[in-house]
Amino acid sequence: MADRLTPEQRSAHMARIRRANTKPELVVRRLLHSLGYRFRVQFGEVPGRPDIAFPARRRCVQIHGCFWHAHGCSLSRTPSTRTEFWKAKFARNRERDDRLERDASALGWETLTIWECETRDIADLTRRLTDFLGSPRLS
Ligand SMILES: [Zn+2]
């Protein structure tokens, strides 16, 4: 179906996908909250305003939509029209992700990247977050 869209329709379609991709962020935030972690959202003191930041731990969590960040999983198929345009866009997004993580690291911040497709297994997600963050209570 998507192949018959005009570029304008495709833009609107993709904008809806982008907004829909905030759902994985909500899944992670709800989980962190339920585990007792306190965090900041879109924390401006770290390059790239990470989705979720833990200032006292100098750790942050980025949640990447599989489509926009070209994860390579089943959620991240490249559109079959304007393929070169999308490939270039995905490459820019990936470069930006890498650069921001390096910039954050240079300032002493560690980043955990969670992919959209990884927010479906809550037990696994819980283990990864607690491994990365340590106890919800700061000693
Ligand atoms: Zn994925």
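See the structure above.
Residues numbered from 1 in each chain as written. Predicted model: local features only at pLDDT ≥ 70, side-chain atom pairs only at ≥ 80, totals over all residues. Heavy atoms only, no water.

Student: Looking at this model, I keep getting lost on the pattern of salt bridges. Mind explaining?
Tutor: Opposite charge on two side chains allows them to pair when their charged atoms are near. The final tally for this structure, using the stated rule, is five salt bridges. Here Glu118 and Arg128 are joined by a salt bridge, their closest N and O atoms 2.7 Å apart. Here the residue Glu118 occupies a position in the loop between strand S4 (110–115) and helix H4 (122–133), and Arg128 occupies one in helix H4, the gap between them amounting to 10 residues. For Arg127, the salt bridge goes to Asp124, with nearest N and O atoms at 2.7 Å. Here Arg127 and its partner Asp124 are both found in helix H4, three residues apart, which amounts to about one turn of the helix. Judged by its relative accessible area of 27%, Asp124 is partly exposed. Counted as one network, the salt bridges with shared partners bring together Asp124, Arg127 and Asp131. (Salt bridge = Lys/Arg side-chain N within 4 Å of Asp/Glu carboxyl O. Helix = DSSP H or I, 4+ residues; strand = E, 2+ residues; numbered from the N terminus. Buried < 20%, exposed > 50% of the residue type's maximum accessible area, 1.4 Å probe, protein only.)

Student: Sorry if this is basic, but what is going on with the pairing of S4 here?
Tutor: Within a regular beta strand, the side chains point alternately toward one face of the sheet and then the other, so they alternate between its two faces. Bridge count between strand S3 (residues 59–64) and S4: six bridges; the pairing is parallel. Looking across to S4, one finds that Gln62 is bridged to Thr113. Considered for its hand, the β-α-β crossover made up of S3, helix H3 (residues 83–106) and S4 is right-handed. (Pairing = 2+ DSSP bridges. Right-handed = clockwise from strand over helix to strand, strands pointing away.)

Student: Explain the packing of aromatic side chains to me, please; I cannot follow it from the model alone.
Tutor: Geometry of an aromatic ring pair is reported as the spacing of the ring centres plus the angle between the planes. Going through the model one piece at a time under the given rule, you end up with nine aromatic pairs. Judged by centre distance (5.0 Å) and plane angle (80 degrees), the ring pair of Phe85 and Trp86 falls under edge-to-face. Here a set of aromatic residues connected by ring pairs shows up, and it is made of Phe67, Trp68, Phe85, Trp86 and Phe90. The lysine or arginine in question, Arg59, covers the ring of Phe132, its NZ or CZ lying 5.4 Å from the ring centre. Cation over ring: Arg82 sits above Phe85, and NZ or CZ is 4.3 Å from the ring centre. (Phe/Tyr/Trp six-rings, centres within 6.5 Å; stacked < 30°, edge-to-face > 60°. Lys NZ or Arg CZ within 6 Å of the ring centre and 35° of its normal.)

Student: Would you explain the coordination of the zinc ion in this entry?
Tutor: Octahedral metal centres with six donors ideally show angles of 90 or 180 degrees, and tetrahedral centres with four donors ideally show 109.5 degrees. Binding of the zinc ion to the protein goes through Cys66 (SG), His71 (ND1), Cys73 (SG) and Cys117 (SG), at separations of 2.1 to 2.4 Å. The coordination sphere of the zinc ion comprises four donor atoms, whose angles at the metal cover 98 to 119 degrees; the geometry is tetrahedral. Mapped onto the sequence, the donors of the zinc ion take the spacing C-x4-H-x1-C-x43-C. Remark: Cys117 occurs in the loop between S4 and H4 and His71 occurs in the loop between S3 and H3; sequence separation between them is 46 residues. Judged by its relative accessible area of 26%, His71 is partly exposed. (Donors = N, O, S within 2.8 Å, 3.2 Å for Na, K, Ca; no water. Tetrahedral: all angles 85-135°; square planar, octahedral: opposite > 155°, others 65-115°.)

Student: For this particular structure, what's the right way to read the nonpolar core?
Tutor: Burial of nonpolar side chains together is a common tendency in soluble globular proteins. Ranked by size, the top nonpolar core spans 15 residues in total, and within it Val28, Leu32, Val61, Ile114 and Leu129 carry the most contacts. Among the elements of the structure, helix H2 (23–35), strand S2 (52–54), S3, S4 and H4 are those that each provide at least two residues to this core. Sequence-distant contacts of Leu32, defined by excluding residues within four places in its chain, comprise Tyr37, Phe39, Ile52, Phe54, Leu129 and Leu133. Ranked by size, the runner-up nonpolar core spans six residues in total, among them Phe43, Ala53, Cys60 and Trp109. (Core = buried A, V, L, I, M, F, W, Y, C linked by side-chain atoms within 4.5 Å. Contact = heavy atoms within 4.5 Å.)

Any link to function would need more than the numbers given here.
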